[in-house]
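Listed below are the residues making up each chain.
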Amino acid sequence: MKYAFFILIVIFTASFTFASIPQDKKVDKKLFESKCAKCHSLKKSLRKTKNLAAWQRTVKRMVKYSRGTITQPEAEKIANYLAGQSEPALTVAQKKPATKVKAPEKNALYNFKKVGVNQFIDPSVCQQCHSEKFKQWNGSMHSKAFTDPLWRAATKHFFKEAVDPKQALEMKACVKCHTPLGFRAYHISSPGDDYDKLAQLPAQGIFCNWCHNINEVKHIGDAGYEVAPGNGKDDPSTMLGPLKDASSDFHPVKYSELHTKSEFCGLCHNVSHATNNLPFEQTYDEWKKSPYNSGDPATTVNCQDCHMRQKPGVPATGKTARPANPGKAADNGPDREHVNTHYFVGANTLAAQLENNPVHAKMAVERLKNAADLELIKSASYHKNGLSQIKIKVINSGAGHYLPTGITEIRQMWLDVKITDKNGKTVFRSGNLDSEGNIDKSAALFHTQLGDSQGKPVANVALADRILSDHRVPPKGYLIEKYSFMIPPDVISPLTVEATLKYRSASQAFANTLLGNSSVEIPVVDMFSLHDTIMF
């Protein structure tokens, strides 16, 4: 009898509690359970402290995912219900003190706010509304910053050679830039860690939600910035970008002047040694000191004006047109006169080839072929049996930085020069490749040579202590290379001069060392070729 009485009390209490909920809330609760509960727990959802606007964005996104099973009026009811039933946010007194995570080392390298991987949104989510931009980014060097096979092999190799703690710290800086989320979430700290164990999102290198969350500049270069993340796709952060009139139903949007200027790119594309401050990758500074930075906003050409206007068939360099790219910033957004492209193409044909991204590889070739020019400077006269000379002027006509730029201790740009007589007999040769892919040592090579503390040449940036030489072409500048040769008595006039400016991302020997002798052949790009004749 007591047991039956107890059951009646429970039923009565439950009925009273249910009856105390307004009828419309009961309906909305059932609506949530019928439309959303298959994937989302009501209890978990109500723990979120979102306001109505945030729930409206979330539910509208779910409407798109539902492919028509949730109508817009139903979405509004669900959003109103969740906003009205969400548990109130904890007061400061109720909140537990945040657990302090100690940085692995006391060094400026770790001078940043720690973030969590779950605070960011996977690019596949961004793809739902920005399909064209996602397609452009996916395959770019930004998306492959952490998966590039040559970068992985090089950092592993260099890290093993870095026996000094200060040298090892420099190699950790490479990881900091190539997987910023992985590093700042303390999921990976150095090339000594297992790259393949990094979670999917941070392994995507430089992704949408990372760049569009950068909100604070601490210093140019060496990733001197902070990000303001949200709480994943259910509660996204404010996306910062170059549009002043942008709006979104899925996430807050705010105009950011920083995202329109070269300083934004300079946050990462200026690199100095983590311990001795040797400046060895200074692409931003090269631009800043160049004629492209006029000081007048109306005439200054920023990084974005070239690298975010390029698309297939439109190299958009300093020597070509840089037309607007009409289209939509979001799939359902308004038509715009110009939308920045997100291919982020530079000169890296190798990684694009290794990662099977033919569109980006082809665009890198198009960019290289529109970056420079050559001019032949002849002597007043030429004679048989006498010492003769030609000069070749290498002009940086298309790049807003030095040619080459970036990791110029690895990259190679050189002149391949051949002089033949009327019958094809070779009179002079410089810059050809041997059977193993090595450049002739007499070639004019444009690159930077790093040195260690003993003054010995090194390719390993961790060991670098000084710059031994820097032979590169400044933006809108030129270098003149001189070639001397003898004209034998048996050659027949005229002489034909063929000169080609060539480029590759790394030497074949370097790639073989890192990837094995069976590695892919490093692609060589002919940037510019000239043909001329000499009479004697």
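Refer to the structure presented above.
The structure displayed is predicted, hence computed values, not measured ones.

## Details of the overall build of the chain
Then step 1. Each helix and strand in the chain was counted, giving 17 helices and 18 strands.
Then step 2. Evaluated residue by residue, the chain yields a buried proportion of 47% over its 536 residues.
Then step 3. Long-range contacts, defined as pairs at least 24 residues apart, comprise 67% of the intrachain contacts of the chain with a sequence gap of at least 6.

## Describing helix H16 (residues 358-368)
Then step 1. Residues of H16 that are buried: His 360, Ala 361, Met 363, Ala 364, Glu 366, Arg 367 and Leu 368.
Then step 2. In the core, the buried residues of H16 are packed alongside helix H7 (131-137), helix H14 (303-307), helix H15 (349-354), strand S17 (495-504) and strand S18 (525-534).

## Some thoughts on the side chain of Ser 256
Then step 1. Mapping Ser 256 onto the fold places it in the loop between strand S4 (253-255) and helix H12 (262-266).
Then step 2. Relative accessible area serves as the criterion here: at 8%, Ser 256 is assigned to the buried category.
Then step 3. In terms of polar contacts, Ser 256 uses its side chain to reach the side chain of His 259, at 2.7 Å.
Then step 4. Apart from the residues within four sequence positions on either side, Ser 256 is in contact with Leu 240, Gly 241 and Pro 242.

## Regarding the packing of aromatic side chains
Then step 1. Tallying each qualifying case throughout the model produces 16 aromatic pairs.
Then step 2. Between the aromatic rings of Phe 207 and Trp 210, the centroid separation amounts to 6.4 Å while the plane-to-plane angle is 55°, which identifies the pairing as tilted.
Then step 3. Plain terms: the ring middles of Trp 210 and Tyr 225 are 6.4 Å apart, the flat faces sit at 75° to each other, and that makes the pair edge-to-face. Taken together, the positions of Trp 210 in helix H11 (residues 208-211) and Tyr 225 in strand S2 (residues 225-227) put the pair 15 residues apart, joining distant regions of the chain.
Then step 4. Given the relative accessible area of 3%, Tyr 225 is considered buried.
Then step 5. Members of the aromatic cluster, joined through ring pairs, are Tyr 110, Phe 112, Phe 183 and Tyr 186.
Then step 6. Looking at Arg 184, its charged tip hangs above the ring of Tyr 225, at a distance of 4.4 Å from the centre.
Then step 7. Over the aromatic face of Tyr 478 sits the side chain of Lys 393, whose NZ or CZ is 4.2 Å from the ring centroid.

## Focus: unusual backbone geometry
Then step 1. Omega for the peptide link from Leu 403 to Pro 404 comes to -10°, which places this bond in the cis form.
Then step 2. For Pro 404, the location among the structural elements is in the loop between strand S10 (387-396) and strand S11 (412-420).
Then step 3. Its identity is not glycine, yet Ala 223 carries a phi of approximately 55°, on the positive side.
Then step 4. Mapped onto the secondary structure, Ala 223 falls in the loop between strand S1 (214-217) and S2.
Then step 5. What makes Ala 223 buried here is its relative accessible area of 3%.
Then step 6. Positive phi, close to 60°, is recorded for Lys 476, a residue that is not glycine.
Then step 7. Note that Lys 476 resides in the loop between strand S15 (466-471) and strand S16 (478-486).
Then step 8. The exposure class assigned to Lys 476 is exposed, which follows from its relative accessible area of 53%.

## Here we look at the environment of His 383
Then step 1. Looking at the secondary structure, you find His 383 in the loop between strand S9 (372-378) and S10.
Then step 2. When the C-alpha atoms of His 383 and Ile 487 are compared, they prove to be 6.9 Å apart, with 104 residues separating the residues in sequence.
Then step 3. The residues contacting His 383, other than those within four sequence positions of it, are Ser 388, Ile 487 and Phe 536.
Then step 4. Engagement of the side chain of His 383 in a polar contact is seen with the side chain of Ser 381, the distance being 3.3 Å.

## Some thoughts on the sheet that holds S10
Then step 1. The three strands lie next to each other as S9-S10-S16, forming an open sheet whose pairing is antiparallel. Edge positions in the sheet fall to S9 and S16, since each of these pairs with one other strand and no more. Taking the axes of each pair of neighbouring strands and ignoring which way they run, one obtains an average angle of 20° across the sheet.

## Here's the deal with the packing of helix H8 (residues 149-161) against helix H17 (residues 508-515)
Then step 1. Contact geometry for H8 and H17: axes closest at 9 Å, N-to-C directions at 75°. By the angle class used here, H8 and H17 are roughly perpendicular. Mapping the contact onto sequence places Pro 149, Leu 150, Ala 153, Ala 154, His 157 and Phe 158 in H8 and Phe 510, Ala 511, Leu 514 and Leu 515 in H17.
Then step 2. Of the residues that constitute the contact of H8 with H17, the class distribution is nine nonpolar, one polar and no charged.

## Structural notes on the pairing of strand S13 (residues 445-451)
Then step 1. The buried fraction of S13 amounts to five of the seven residues, a majority that puts the element mostly inside the structure.
Then step 2. Sheet topology note: the S11/S13 ladder contains two bridges and is antiparallel. Bridging across to S13, Met 413 finds its partner in Phe 446.
Then step 3. Both S13 and S15 contribute to a ladder of five bridges, which runs antiparallel.

## Quick word on the side chain of Arg 336
Then step 1. Its location among the elements puts Arg 336 in strand S8 (residues 335-336).
Then step 2. The class of Arg 336 is buried, set by a relative accessible area of 17%.
Then step 3. At 2.9 Å, the side chain of Arg 336 and the side chain of Asp 245 are in polar contact.

## Quick look at the nonpolar core
Then step 1. Residues Phe 146, Met 171 and Phe 510 are the most contacted members of the largest nonpolar core, which totals 35 residues.
Then step 2. For this core, the secondary-structure elements that each account for two or more residues are H8, helix H9 (165-178) and H17.
Then step 3. Other than its neighbours up to four places away in sequence, Phe 146 contacts Trp 151, Arg 152, His 178, Thr 179, Ile 188, Tyr 195, Leu 198, Ala 203 and Gly 205.
Then step 4. Within the second largest apolar cluster, 33 residues are counted, among which are Leu 374, Leu 376, Ile 419 and Phe 446.

## Focus: the packing of H8 against H9
Then step 1. It is the contact of H8 with H9, at a shortest axis distance of 8 Å, that shows an interaxial angle of 160°. On the basis of the axis angle, H8 is roughly antiparallel to H9. For the pair H8 and H9, the sense of crossing is left-handed. Across the interface between the two elements, Trp 151, Thr 155, Phe 158, Phe 159 and Glu 161 of H8 pack against Gln 167, Ala 168, Met 171, Cys 174, Val 175 and His 178 of H9.
Then step 2. In the contact of H8 with H9, the residues fall into seven nonpolar, three polar and one charged.

## Details of the pattern of salt bridges
Then step 1. Scanning the model with the defined rule gives 15 salt bridges in all.
Then step 2. Linking Lys 425 and Asp 490 is a salt bridge whose minimum nitrogen-to-oxygen distance equals 2.6 Å. Placement of Lys 425 in the loop between S11 and strand S12 (426-430) and of Asp 490 in the loop between S16 and S17 is noted, with a sequence separation of 65 residues between them.
Then step 3. Its relative accessible area of 36% is what places Lys 425 among the partly exposed residues.
Then step 4. A residue is classified by how much of its surface remains accessible, and Asp 490, at 49% relative accessible area, is partly exposed.
Then step 5. What emerges from the salt-bridge pattern is a single network uniting Arg 184, Lys 218 and Glu 226.

Conventions and cut-offs
- Residues numbered from 1 in each chain as written.
- Predicted model: local features only at pLDDT ≥ 70, side-chain atom pairs only at ≥ 80, totals over all residues.
- Heavy atoms only, no water.
- Helix = DSSP H or I, 4+ residues; strand = E, 2+ residues; numbered from the N terminus.
- Buried < 20%, exposed > 50% of the residue type's maximum accessible area, 1.4 Å probe, protein only.
- Contact = heavy atoms within 4.5 Å.
- Polar contact = N/O pair within 3.5 Å; in protein donor to acceptor, adjacent residues only side chain to side chain.
- Phe/Tyr/Trp six-rings, centres within 6.5 Å; stacked < 30°, edge-to-face > 60°.
- Lys NZ or Arg CZ within 6 Å of the ring centre and 35° of its normal.
- Pairing = 2+ DSSP bridges.
- Axes fitted to C-alpha atoms, helices over the stretch in contact; angles between N-to-C directions.
- Parallel < 35°, antiparallel > 145°, perpendicular 65-115°, else oblique.
- Nonpolar A, V, L, I, M, F, W, Y, C, P; charged D, E, K, R; others polar.
- Core = buried A, V, L, I, M, F, W, Y, C linked by side-chain atoms within 4.5 Å.
- Left-handed = near helix turned anticlockwise from the far one by under 90°.
- Salt bridge = Lys/Arg side-chain N within 4 Å of Asp/Glu carboxyl O.

Such coordinate-based values are descriptive only and should not be taken to indicate function.
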